[in-house]
Amino acid sequence: MKLQIAVVLALANCVLGYTLPTVHDFQNTERMLKADDQELSEMCDNVSDALEVEYSNFLKTGVESRALKDLTYVLGNAHTNNMMRYEVENMEIQDRIITCTLCRSTMNVMVRSIRNDELERDEYLNFVLYVCTVFNLYTLEVCQGSFDLHFPIIEHVIKSTNITSRDICGVMLQASFCSINTSPSFSFSVEIDKTLEEATEHKNLIAEPSSEDIHVLQLTDIHYDPLYVAGSLAACDEPMCCRREAGNVEDKSLQAGYWTDYRDCDTPRWMIADSFQAINEQHKNLDYIYFTGDVVDHAVWSTSYDYIKDSLLDQYKLLHSSFPNHQLFPCIGNHESQPLNQFAPPSVTEEEFTTKWLYDILADTWISEFGLPEETRATITKGGYYTVVPKKGFRVIALNNNDCYTFNWWLFYDPGYLVEQLQWFHDTLKIAEEAGEHVHVLAHIPSGAGSCFKSWSEEYTRIIERYRNTISGIFNGHTHIDEMNIFYSEKGNYASNVGWNGGSLTPYSYTNPNYRIYICDPKEMQVLDHETWIFNLTEANIHGADKRPQWYKEYSFKEAFGVQDLSPKSIDELFERFARDPELLMKYHNFKKGMSDPGLAMPCGHNCLKNDLCNLAVTTFKNQKRCKELLAIYDATVLNMKRRRTPKY
């Protein structure tokens, strides 16, 4: 990989005459990691500028120059397969550089051409298909489908704003070196009440377990695939497989399993229905159910309004019929929009762009199927969010934070529209505080995810810190992995709250289907413990339709990690134990992967564990302090182990 990157840069040096880093720089991973943001940004700029020149000539003449062929060939073969699978923060540094370079060069051409009306729609399509092909990104079908869905929005946003390619790539990718010189218009703030003094210590719990404890089921990321076919191709060239159009295959190792598949596949209806049945059989004492979003599958290049509506109504009705006697509180996932990730501001009313069609469906269904009070309709139809008080002293706030997702093109149209829901969130927490209520917050995307817009994450974290005594729990989905984050105060770096991620019912990709049970105290609704339940997909598919999957408790958090409680203070102390004990951190990593057979087979060395460790302690890019402290402890631990000649992990 490092050699391939070096060849790309050498080509640009020799063929195009650009001044680029030496080959030695890119053979030295440590030096590359230590390069400052300005230097990395210039690396991307030099190659992207070269690509832009060659792209433009190609669009004018229809002829690929030798320089364009050389650059696209080497770049297309330099990135790993994970570049199109992982969020930017989980990519290797080489993949991050390539992603930023391709984004800048491609968007330079798109922005200029759209503003100047230089090309017809078919010419843009051909350009996108060319980029997809030469850089080995996706199949032509996926690229064309994605173009057809997204181009009208991209064109509208670019023509309606002064957005630059620098802004688009800096906000979308959020790698610090790729965000240099991003427009200040992408920073905003929420008015925060200041009557509570800043934290001076970590938040701690005082509640003890009792017979009256509340049990909360979290379901997340169902990703229902109505076109799933057992026996179809499970290892295809597209982002999602195991579907009807893939056809059946004779090689059993390539066939989709009956109950779903570890590979890039989602969930058939019979697996979802059986999972809900198993939950009812196993857990007779559920008080509340949280569904933290993502009903629709990953065939994101071929969705339609009717397809999404049918999937939503089918799964909401299945949830209601499976749990008719439970209070269920849903929130919306990024896959529920058409197209994927697109949540327009309320000011956008054009029929082809508005998101109101989706919010109207959610309001009607959530109120009729799940029994949300009629007064929630106003905010659901406005933006897909609401608040309810299930019992005296306890409030649930369900956010639609998908508009913070950096792949939402409407961020570039009007980033200021994100403030309205955040301000409502703050003001609702203020009401809860004055009423002496304790709050659970539901949101699909964790604020620590690299794909959640940094200004949104910063303001959200400020709100969480301010209402640290009111918020008893934060529950997310989206990432499909069993993980958590601590919210730290900006001053003093005190742990104020914990965000819990419920994993996913879908195995997409390489995880076992799972759900989560939280045990909360009845007075303040503090999370006292949680249990994760899974079934082994390999074993289930051996038996196929002849035997139901065998769900079992994978672990209870307190027992697995030996913590006294699940307070922010205790979890912060656990993070430090992770940093001092790589074996314990590896245990967390294996749980994070859902103990799946392919997940356990994937190696996780020091860099992998350090990435896990850092992600635990970050909810906003602005505050990396605790991450750096933990990494320093980990590095010192590993150094001491090497000195004692302890085997590596």
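Thresholds, definitions, all that
- Residues numbered from 1 in each chain as written.
- Predicted model: local features only at pLDDT ≥ 70, side-chain atom pairs only at ≥ 80, totals over all residues.
- Heavy atoms only, no water.
- Helix = DSSP H or I, 4+ residues; strand = E, 2+ residues; numbered from the N terminus.
- Rg over C-alpha atoms; globule rule 2.2 N^0.38 Å.
- Buried < 20%, exposed > 50% of the residue type's maximum accessible area, 1.4 Å probe, protein only.
- Contact = heavy atoms within 4.5 Å.
- Areas by Shrake-Rupley, 256 points an atom, 1.4 Å probe, with all protein chains shown as cover.
- Salt bridge = Lys/Arg side-chain N within 4 Å of Asp/Glu carboxyl O.
- Core = buried A, V, L, I, M, F, W, Y, C linked by side-chain atoms within 4.5 Å.
- Pairing = 2+ DSSP bridges.
- Polar contact = N/O pair within 3.5 Å; in protein donor to acceptor, adjacent residues only side chain to side chain.
- Patch = residues over 30% accessible without salt bridge, like charges linked within 9 Å, V, L, I, M, F, W, Y side chains within 5 Å.
- Lys, Arg positive; Asp, Glu negative; His and termini not counted.
- Charge placed at Lys NZ, Arg CZ, Asp CG, Glu CD.
- Axes fitted to C-alpha atoms, helices over the stretch in contact; angles between N-to-C directions.

Enquirer: Give me the lowdown on the overall build of the protein chain, citing residues and values where you can.
Expert: Counting its secondary structure elements, the protein chain contains 22 helices and twelve strands. In terms of overall size, the protein chain behaves like a compact globule, its C-alpha atoms giving a radius of gyration of 25 Å where 649 residues would be expected to give roughly 26 Å. Considering only C-alpha atoms, the protein chain reaches an extent of 75 × 60 × 55 Å along its principal axes. Burial status across the protein chain gives 60% buried among its 649 residues. Taking contacts inside the protein chain between residues at least 6 apart in sequence as the whole, the part at least 24 apart equals 72%. Carbon together with sulfur atoms contributes 49% to the accessible area of the protein chain, which is approximately 26,100 Å² in total.

Enquirer: Tell me about the pattern of salt bridges, and please be specific about residues and values.
Expert: Oppositely charged side chains may form a pair once their charged atoms are brought near each other. In this structure the tally under the stated criterion is 35 salt bridges. Across the pair Lys610 and Asp635 runs a salt bridge, and its minimum N-O distance is 3.0 Å. You can see Lys610 sitting in helix α21 (residues 606–616) and its partner Asp635 sitting in helix α22 (residues 625–643), a full 25 residues away along the chain. Looking at Asp635, the relative accessible area reads 36%, which means it is partly exposed. Because the salt bridges share partners, they merge into one network encompassing Asp193, Lys430, Glu433, Glu434 and Arg466.

Enquirer: How would you summarise the nonpolar core if you had to cite specific residues and measurements?
Expert: Core analysis: the largest hydrophobic core is formed by 188 residues, its most contacted members being Met484, Phe561 and Phe578. Counting residues per element, this core draws most heavily on helix α6 (residues 93–115), which supplies eleven residues. Excluding residues that lie within four positions of it along the chain, Met484 makes contacts with Val498, Gly499, Trp500, Phe557, Ile571, Leu574, Phe575, Phe578, Tyr588, Asn615 and Leu616.

Enquirer: Lay out the pairing of strand β9 (residues 495–501) with the relevant residues and their values.
Expert: For β9, the tally of buried residues reaches seven of seven residues, placing the bulk of the element in the interior. Bridge analysis of strand β7 (residues 471–476) against β9 gives three bridges, and the strand direction is parallel. By the bridge assignment, Ile474 is partnered in β9 with Gly499. Of the strand pairs in this sheet, strand β8 (residues 484–488) and β9 are connected by five bridges, and their pairing is antiparallel. Paired with Tyr488 across the two strands is Ala495, which belongs to β9. Connecting the antiparallel pair β8 and β9 is a turn made up of six residues, with Gly492 showing a positive phi of about 85°.

Enquirer: Residues and numbers for the environment of Thr267, please.
Expert: Mapping Thr267 onto the fold places it in the loop between β1 (214–219) and α10 (269–282). In sequence terms Thr267 and Pro226 are 41 residues apart; their C-alpha atoms lie 8.2 Å from each other. Aside from chain neighbours lying at most four places away, what touches Thr267 is Ile222, His223, Tyr224, Asp225, Thr260, Ile272, Leu505, Thr506 and Pro507. Side-chain polar atoms of Thr267 contact the backbone oxygen of His223, separated by 2.9 Å.

Enquirer: Give me a negative patch on the surface: which residues, what numbers.
Expert: On the surface, Asp36, Asp37, Glu39 and Glu42 cluster together into a patch of negative charge. When you line up the elements, Asp36 lands in the loop between α3 (29–34) and α4 (37–61).

Enquirer: Lay out the sheet that holds strand β12 (residues 552–556) with the relevant residues and their values.
Expert: Across the sheet, six strands lie side by side as β3-β2-β1-β10-β11-β12; this open sheet has mixed pairing. Looking at the sheet topology across the chains shown, the edges are occupied by β3 (327–330) and β12. Between one strand and the next, the sheet's axes are offset by a mean angle of 25°, whatever the strand orientation. Relative to β3, strand β2 (residues 288–291) runs parallel, the two sharing four bridges. Following the sheet pairing, Phe291 is matched in β3 by Pro330. Strand contacts of α10: β1, β10 (514–520) and β11 (527–534), with the helix running at about 170° to β1, the strand carrying the most contacts.

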